[in-house]
Amino acid sequence: MMKRLTFFGLLATLLLPSLAFAKKLNVVTSTTDLAALTQEVGGDRINVESIAKGYQDPHFVEAKPSFLLKLRNADLLVSVGLDLEIGWLPPLITQSGNGRIQRGANGYLDASQFAEILEIPQGTVTRAEGDVHPLGNPHYWLDPDNGRRLAKGIAGKLGELDPGDSSYFQQRVADFDKRLSEAEKRWDAQMLPYHGRKVVTYHRSWPNFAKHFGLDVVGYVEPRPGIPPTPSHTLDLINLMKRENVKVMLIEPYFDLKTPNSVASQTGAKVLVMTPSVGGEKGVDDYFKLFDYDLNLLKQAFDSTK
Amino acid sequence: MRKHLALCVLLVAPAAFAQGTSPNAATNENAALEQKIRDMEDRIVALEGQVRMLKAQPGSAAPVAGGTSTQPAAAAATPSPTSTEAQAAAQAAPQEPVRLGGAGTAAAKALNPDISMIGDFIATTGQNRVVSAPVMEMHESELGVQAIIDPYARGDFFLSFGEEGVNLEEGFITFTALPGGIVAKAGKMRSAFGKVNTLHNHVLPWIDRPVVSGNLVGGEDGIDDAGFSVTRILPAPKGLFLEGTGQLFRGDSSDVFKSSQRSDVSVVGHLRGYGDISESTNLDLGISYARGHNDFGSSFTTSLYGIDATLRYKPLRRAIYKSFVGRGEFIWSQRQQPGAAACLPGACPLGVAPNFQRAFGFYTSADYQFARRWFVGGRIDRSDRARDARITDDGTSIVLTYWPSEFAQVRGQYRFTRYGAPISTLSPTGKEDANELLMQIQFSLGAHGAHPF
């Protein structure tokens, strides 16, 4: 009898930790921002990994087979949607051999459904407008209000996949909401003196950010989304910046600085390499630090170019 | 006057009293109001998202396309809609539906598969007396029709139009939700033999295909046949990606395999190993095998063996400006042909040597992206001919590519080919040289799905 009890005790000791380990949801996200938000609400009950790096252009990620190793064991795949990942995520999903994360399956989550989407084209859309996103601008995570909505949506999905931890996820999202609201007050106060300041950006990555923090984006280094700068457009941009007295240019870390620097030298503007994603710069390793980093850069730039 | 003054005091006093006595209450009220507005904003955004998702679902697209039933559709999907929410949803829906390229509404797009057309125009100049190509041709127009069929499968069709005639390049169903991590395909498809054989023309880094593809693996069409394919990621040490593919085909592929009876099926196997050397550099290795019957009948078989290697470099921070790809494929062909007695002059086709033919060929290439729109590359070719392994062709190419945008490219290629020809009809030296300049314009219309890495 004692031997049996010892055997079952040993079995339970061996199995219980593995069961607890197996319970952890494996989440893969397309970008680091979604991974950061998922980590905020998932805590220690999930494992989360991002496919793209924060300093990488999320439009042009190579669909490497090593990503399939992550995807084949995923319980949940969270994507930005709005065709941001159309060039690389669909073949990865198809090749993963994982039925749980196929589009339409319960483990596939298009996070764009939770966010406020800007720049949804009205009327006819053609490639004459460049690499336009017919469903709206996919860089929506750069508004903290959308960050809160995304966190709530992701928490809901995590609870659906792991009902036993649903209350844990809701508790985490409430805590995140509270911390984000406090940070938002601080960020809003920091940017209040600069409301209405005119800026130029390289790509259309910042509409949600600009809307939230009251910036006025008057022009772009790209003549059309996804189309590299041309001499004639650059000349037009210089004239526009001089006319509108634009003194700050926001550039993503994956774009070449040659044209922005040339424009800046002729307009007296300051070139800011802002990170649009968590992990885009050293130390920017969560959603809060993303805004801390970018807003500090902006504040310094606005102060020095009054 | 006193009456008026008393009235003013009566009106102002309560407000002044309220302000003066309960500032905390007012602050709390403001905070509550702010929270309420924020909650309402969130609910509106959530409803907008639901409307977008509903419009993207094929099942709900038809009512939306009608243009009048957006509101009920959105409301029906909301768990407990209030009239405010329903109104918000109605307001959230764009007044004018999105039209894509003027082809229809967003709802119609949601119902239809992704449709694309890729044009491939080639102009050739110079001299080549062995393989002739027209001075200008609309070489290929590839129509792609792709969609998710249901939660378990997707379908892909690629129809290749020449200037005359059409060919089903690929048309297959992929079962994506099979147990055990298996991905299966059925239909007509490019086989998994090596690297170049799997690639469509428009994703090649050159205008033409390597000489070894033409001599040993069926040329432009390659091993492209109707059948089944099963792929699975295999267990491997951490950080290493290992994938096995097994394919069974009818046995008809260009001039490589020919099925004379139903049992003349062909098989293809491919084992792929991949590893990230760093986040910017990776190495992709593969070994391939193919076997089928050839055009001399059911008693004659052709076996192919291949090794492929690809080294890629792309720094992630500058991924759109700089990259390097080095490739190489080495292919061995073993082809059974009639013996000398049966293959007397006139009995066998021209260029066919008697008996068992063992041929070998390879190409190596390098492509370097030196600016966002510019690529330069080169390729070295050498290959025996499958039907007469005594003849060896060599070639060298230099390629320059310019991308005006993601959706168009202009390419120039200088190609030198030295055809080996022991029969002295071509030139006194037994060799025939060809110097050619090729120019290509490729352009893409519509949503062409990304191809596997």
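Source: prediction; values computed, not measured. (Residues numbered from 1 in each chain as written. Chains lettered and ligands numbered in written order. Predicted model: local features only at pLDDT ≥ 70, side-chain atom pairs only at ≥ 80, totals over all residues.)

**Student:** Honestly, helix 10 (residues 287-304) of chain A in this entry has me stumped. Any pointers?
**Tutor:** An α-helical turn contains 3.6 residues, so a residue and the one three or four places further along point in the same direction. Residues and elements named next belong to chain A. Here helix 10 contains 18 residues, and its C-alpha end-to-end distance of 26 Å stays within 8% of the 26 Å for a straight helix at 1.5 Å per residue. For helix 10, the complete set of buried residues consists of Tyr287, Phe288, Leu290, Phe291, Asp294, Leu298 and Ala301. Buried positions along helix 10 lie against helix 2 (32-42), helix 5 (144-161), helix 6 (166-191), strand 8 (248-251) and strand 9 (270-273). (Helix = DSSP H or I, 4+ residues; strand = E, 2+ residues; numbered from the N terminus. Expected span 1.5 Å × (residues − 1). Buried ≥ 20, exposed ≤ 12 C-beta atoms within 10 Å, placed from the backbone. Contact = placed C-beta atoms within 7 Å.)

**Student:** When you look at the domain arrangement of chain A in this model, what are you seeing that I'm missing?
**Tutor:** Much of the literature gives interface size as the accessible area that the parts lose upon coming together. Residue and element names in this part refer to chain A. In terms of domain boundaries, chain A breaks down into domain 1 (23-183) and domain 2 (186-304). On a C-alpha basis, the centres of domain 1 and domain 2 stand 25 Å from each other. Taken together, the contact pairs 28 residues of domain 1 with 26 residues of domain 2. Of all elements in the fold, only helix 2, helix 5 and helix 6 reach the threshold of two or more residues within the side of domain 1 that touches domain 2. It is helix 2 that provides the largest number of residues to the side of domain 1 that touches domain 2, a total of five residues. (Domains from an automatic or database assignment.)

**Student:** So what exactly am I meant to see when it comes to the interface of chain A and chain B here?
**Tutor:** Taken together, the contact between chain A and chain B spans 48 residues of the former and 47 residues of the latter. Listed by contribution, the elements that provide at least two residues to the side of chain A that touches chain B are helix 3 (65-71), helix 4 (89-95) and strand 5 (124-125) of chain A. For the side of chain A that touches chain B, the residue count by class is 20 nonpolar, 17 polar and 11 charged. (Nonpolar A, V, L, I, M, F, W, Y, C, P; charged D, E, K, R; others polar.)

**Student:** Where do I start with the environment of B:Phe375 in this structure?
**Tutor:** All names here are of chain B. Locating Phe375 in the fold gives a position in strand 14 (residues 374-384). In sequence terms Phe375 and Ala309 are 66 residues apart; their C-alpha atoms lie 20 Å from each other. Contacts of Phe375, omitting those with residues within four sequence positions, involve Asp367, Tyr368, Gln369 and Thr401.

**Student:** Quick question: what am I supposed to make of the confidence of the model for chain B here?
**Tutor:** Note: predicted coordinates in regions of low pLDDT should not be interpreted at a detailed level. Residue and element names in this part refer to chain B. In the predicted model, chain B carries a mean pLDDT of 82, and the fraction of residues at 70 or more is 77%. Confidence drops under a pLDDT of 50 for residues 5-20, and excluding neighbours within four residues, the segment shows zero contacts in the predicted structure. Note on residues 59-104: pLDDT under 50 across the span, and 72 contacts to partners over four residues away in sequence or across chains. Confidence estimates for the predicted assembly give a pTM of 0.81 and an ipTM of 0.84. (pLDDT = per-residue confidence, 0-100.)

**Student:** Would you take a moment to explain the environment of A:Tyr220 for this structure?
**Tutor:** Tracing the backbone through its elements, the reader meets A:Tyr220 in strand 7 (residues 216-220). Taking the C-alpha atoms as reference points, A:Tyr220 and A:Thr230, separated by 10 residues in sequence, lie 12 Å from one another.

**Student:** Just checking my understanding: could you explain the pairing of strand 7 (residues 224-234) of chain B for this structure?
**Tutor:** Remember that side chains alternate between the two faces of the sheet whenever the strand is regular. Residue and element names in this part refer to chain B. Pairing geometry for strand 6 (residues 182-190) and strand 7, over nine bridges, is antiparallel. Bridge assignment links Ala184 to a residue of strand 7, and that residue is Val230. With eight bridges connecting them, strand 7 and strand 8 (residues 240-249) associate as antiparallel partners. The partner of Ser229 across the bridge, within strand 8, is Gln247. Between the antiparallel neighbours strand 7 and strand 8 lie five residues, among them Gly239 with a positive phi of about 90 degrees. (Pairing = 2+ DSSP bridges.)

**Student:** What's the story with the nonpolar core in this structure? I'm lost.
**Tutor:** Within soluble globular proteins, side chains that are nonpolar tend to cluster in buried spots. Of all hydrophobic cores here, the largest spans 88 residues; its most connected members are A:Val41, A:Ala111, A:Ile154 and A:Met249. Counting residues per element, this core draws most heavily on helix 10 of chain A, which supplies six residues. Here A:Val41 is in contact with A:Ala151, A:Ile154, A:Ala155, A:Leu158, A:Phe169, A:Arg172, A:Val173 and A:Phe176, once residues within four sequence places are set aside. Counting residues in hydrophobic clusters, the runner-up holds 19 residues, among them B:Val212, B:Val217, B:Val256 and B:Phe362. (Core = buried A, V, L, I, M, F, W, Y, C linked by C-beta atoms within 7 Å.)

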